[in-house]
Amino acid sequence: MNAGDDSRTIAAMTEYLKGREPTFFDRLRDLVDINTGLDNPEGRLKCLTMVEQRWQLLGFACERFERPGDMVHMVGRRPARGRDGQRLTKVLLLGHVDT
């Protein structure tokens, strides 16, 4: 990939996101309005389920891992292939749902 490809990718992403801000902020509000404190495992599970559902709609295969106590971790995987079948750079996203 060269610099020209990067600017075309950024332009395409910007065009895609135009007009989608209200939906983005509504979904973000739905997540942050959940009490996900360490004293509320039900809230953390609800938040994780919402994230999992969104990822699945985007084509991710999600797998949960329950840890001792009430901690649940999730891994989402999706093949990284371009339109031409070329392998793309892998991206790792880390986050947490407790506050």
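Refer to the preceding data block for the structure.
A brief structural summary. In this text the structure is predicted, and so the values were computed from the model without any measurement.

**Describing the overall build of the protein chain**
Within the protein chain, the secondary structure is distributed over 3 helices and 2 strands. Along the protein chain, from the amino end to the carboxyl end, the secondary structure elements read α-α-α-β-β. Taking 99 residues into account, the globule formula puts the C-alpha radius of gyration at 13 Å, and the protein chain, at 17 Å, lies well above it. The principal-axis extent of the C-alpha atoms belonging to the protein chain is close to 50 × 30 × 20 Å.

**Details of the packing of helix 2 (residues 21-32) against helix 3 (residues 41-57)**
Each pair of packed helices can be summarised by the angle the axes make with each other and by the distance between the axes. Across the interface, helix 2 lies against helix 3 with an axial gap of 9 Å and an inter-helix angle of 150°. It follows that helix 2 is roughly antiparallel to helix 3 by the angle criterion. In this structure, helix 2 contributes Arg27, Asp30 and Leu31 to the contact, and helix 3 contributes Cys47, Met50, Val51 and Arg54. Along the lines of polarity and charge, the residues of the contact of helix 2 with helix 3 split into 4 nonpolar, no polar and 3 charged.

About the cut-offs
Going along each chain's sequence as written, the residues are numbered from 1 onward. Given that the model is predicted, a residue must reach a pLDDT of at least 70 before its local features are reported, and side-chain atom pairs must reach 80 or more before they are shown or counted; all residues, however, enter totals for whole chains, interfaces and linings. Hydrogens and water are ignored here; the side-chain numbers use all heavy atoms of the structure. Only DSSP runs of H or I covering at least 4 residues are called helices, and only runs of E covering at least 2 are called strands; the numbering of each starts at the N terminus. Atoms considered for the radius of gyration are the C-alpha atoms alone. The globule rule reads 2.2 Å times the number of residues to the power 0.38. Comment: axis = line fitted to C-alpha atoms, over the contacting stretch for helices; angle = value between 0 and 180 degrees taken between N-to-C directions. Roughly parallel means an angle under 35 degrees; roughly antiparallel, over 145; roughly perpendicular, 65 to 115; everything else is oblique. Only heavy atoms matter for contacts: two residues are in contact if any of them lie within 4.5 Å across the pair. All amino acids are sorted into three groups, where Ala, Val, Leu, Ile, Met, Phe, Trp, Tyr, Cys and Pro are nonpolar, Asp, Glu, Lys and Arg are charged, and the leftover types, Gly among them, are polar.

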